[in-house]
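An overview of the molecular structure
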Amino acid sequence: MGLPIIEKAGVEHKINFIESEALPFLDQLLEDPENKESFDFAYVDADKVNYKNYHEKVLELLKHGGVVIYDNTLWGGSVALPEELVPKGRLPARKASIEFNKYLAADNRVQISQVPLGDGITICRRL
């Protein structure tokens, strides 16, 4: 979905669009010291149980003042529901989302804004 929209907008020359297994690719990026603190923006829409791991690696890549957006941080509103009202199949991601949201709220390396758009996005600006 992302690349066709980037191409349609005519900005593919400005965006390095990467679609890959995230953790190994982030490790690969971090092997090059020139990549550290060189990214302006990152967007994470991946397996929720690894969001904390992505966050740690992405922060190493982001410039101070850079932005990372995490998708699905409200997980269909299930993070605000009592557990017994959440379908069993959504419970693991709900739990991971709640833990990640708490982790971000306590992370003094970023300013956050949680936006109730779709399944929720959290915008983090690296301090």
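Residues numbered from 1 in each chain as written. Predicted model: local features only at pLDDT ≥ 70, side-chain atom pairs only at ≥ 80, totals over all residues. Heavy atoms only, no water.

Quick notes on the packing of helix α2 (residues 22–31) against helix α3 (residues 51–61)
Our working rule: Convention adopted: a line fitted to C-alpha atoms gives each axis, helices being fitted over their contacting stretch, and angles between N-to-C directions are expressed from 0 to 180 degrees. Note on conventions: DSSP H or I runs of at least 4 residues are helices, E runs of at least 2 residues are strands, and numbering of each starts at the N terminus. Small angles under 35 degrees read as roughly parallel and large ones over 145 as roughly antiparallel, with 65 to 115 read as roughly perpendicular and the rest as oblique. Note: crossing handedness is left-handed where the near helix turns anticlockwise from the far helix by less than a right angle, and right-handed where it turns clockwise. Contact definition: two residues touch when any of their heavy atoms are within 4.5 Å. Just so you know the grouping, Ala, Val, Leu, Ile, Met, Phe, Trp, Tyr, Cys and Pro go in nonpolar, Asp, Glu, Lys and Arg go in charged, and all remaining residues, Gly too, go in polar.
Interhelical geometry of α2 versus α3 gives an angle of 25 degrees and a closest axis separation of 10 Å. On the basis of their axis angle, the class for α2 and α3 is roughly parallel. The hand of the α2/α3 crossing is left-handed. Across the interface between the two elements, A22, L23, L26, D27, L29 and L30 of α2 pack against N53, Y54, K57, V58, E60 and L61 of α3. Residue composition of the contact of α2 with α3, grouped by class: eight nonpolar, one polar and three charged.

Here's the deal with α2
Convention followed: We call a residue buried when its accessible area falls under 20% of the maximum for its residue type, exposed when it is over 50%, and partly exposed in between, using a 1.4 Å probe and counting protein chains only. Taken from the helix axis, the directions to the C-beta atoms give the arc we talk about.
Every buried residue belonging to α2 is among L26, L29 and L30, and all of these are buried. When α2 is viewed along its axis, its buried side chains cluster within an angular range of 95 degrees and face the same direction. Set apart from the buried face of α2 by more than 90 degrees, the exposed residues are P24 and E31. Contact partners of the buried residues in α2: β1 (39–44) and α3.

As for the side chain of S78
By secondary structure assignment, the location of S78 is in the loop between β2 (62–71) and α4 (91–106). Judged by relative accessible area, which is 3%, S78 ranks as buried. Sequence-distant contacts of S78, that is, excluding residues within four places in its chain, are made with V86 and R94.

Topic: the side chain of N35
What counts is decided by this rule: Pairing of N or O atoms within 3.5 Å defines a polar contact, subject to two protein rules: one partner must be a possible hydrogen donor and the other a possible acceptor, and residues neighboring in sequence count only if both atoms are side-chain atoms.
Along the polypeptide, N35 turns up in the loop between α2 and β1. Reaching out from N35, the side chain makes a polar contact with the backbone oxygen of L29 at a distance of 2.8 Å. Setting aside chain neighbours within four positions, we find N35 in contact with L29 and L61.

A short note on the pairing of β1
Worth spelling out the cut-off: Criterion used throughout: strands pair if DSSP finds at least two bridges between them. A clockwise course of the path from the first strand over the helix to the second, judged with the strands pointing away from the viewer, identifies a crossover as right-handed.
Bridge count for β1 against β2 is five bridges, and the pairing is parallel. What sits directly across from V44, in β2, is Y70. Assessed by its sense of winding, the connection that carries the chain from β1 through α3 to β2 is right-handed.

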